[in-house]
Amino acid sequence: MEQDCDRGADCGMSAESLKTLLSHSIERETDLLRDYTIAAERIHDDDELKDRLRNFAEGNAKRSKQLTDELKKLK
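Quick caveat, the model's predicted, so the values are computed rather than measured. (Residues numbered from 1 in each chain as written. Predicted model: local features only at pLDDT ≥ 70, side-chain atom pairs only at ≥ 80, totals over all residues. Heavy atoms only, no water.)

On inspection of all chains with the given rule, the structure shows six salt bridges. A salt bridge links Arg34 to Asp31; its shortest N-O distance comes to 2.5 Å. Remark: Asp31 and Arg34 occur in helix 1 (residues 15-42); sequence separation between them is three residues, near one turn of the helix. Between Glu41 and Arg54 there is a salt bridge, with the nearest N and O atoms lying 3.8 Å from each other. Of the two residues, Glu41 is situated in helix 1 and Arg54 in helix 2 (residues 47-74); the sequence distance between them amounts to 13 residues. Given a relative accessible area of 46%, Glu41 falls into the partly exposed group. Note on Arg54: relative accessible area 36%, which makes it partly exposed. (Salt bridge = Lys/Arg side-chain N within 4 Å of Asp/Glu carboxyl O. Helix = DSSP H or I, 4+ residues; strand = E, 2+ residues; numbered from the N terminus. Buried < 20%, exposed > 50% of the residue type's maximum accessible area, 1.4 Å probe, protein only.)

Below you can see the structure in the form of C-alpha cells.
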C-alpha cells in the first residue's frame, strides 16, 4: 500500500538518499552547463541564441554551486 504523506505517514528522506539526490542533480546540472557552453561556442550566425545558451549555462553553474553548498552542509 502506498503511503499518504498528507495524512501523517512517515515520508521523510534519509540523509543518504538526500546526498544521492543532490549528487545526481549536480551531475545533471554540470552536464547541461557543458552542453550549453559547447553549443554556444559552435553557433556563429545567431548572437542572440548564443547569449541565451550562455545564460542557461550560467544558471546551471549557479545551481551546481548551490547544490554543492547544500551537499557540504550534509557531510
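Once you've had a look at it, read on.
Further remarks concern the packing of aromatic side chains. Using the criterion set out here, one finds one aromatic pair in the structure. Both rings, one in Tyr36 and one in Phe56, keep their centres 5.3 Å apart while their planes meet at 55°; by these two values the pair is tilted. Of the two residues, Tyr36 sits in helix 1 while Phe56 sits in helix 2, which places them 20 residues apart along the sequence. By relative accessible area, which is 26% here, Tyr36 ends up partly exposed. (Phe/Tyr/Trp six-rings, centres within 6.5 Å; stacked < 30°, edge-to-face > 60°.)

Everything listed here is a matter of geometry and, on its own, says nothing about what the molecule does.
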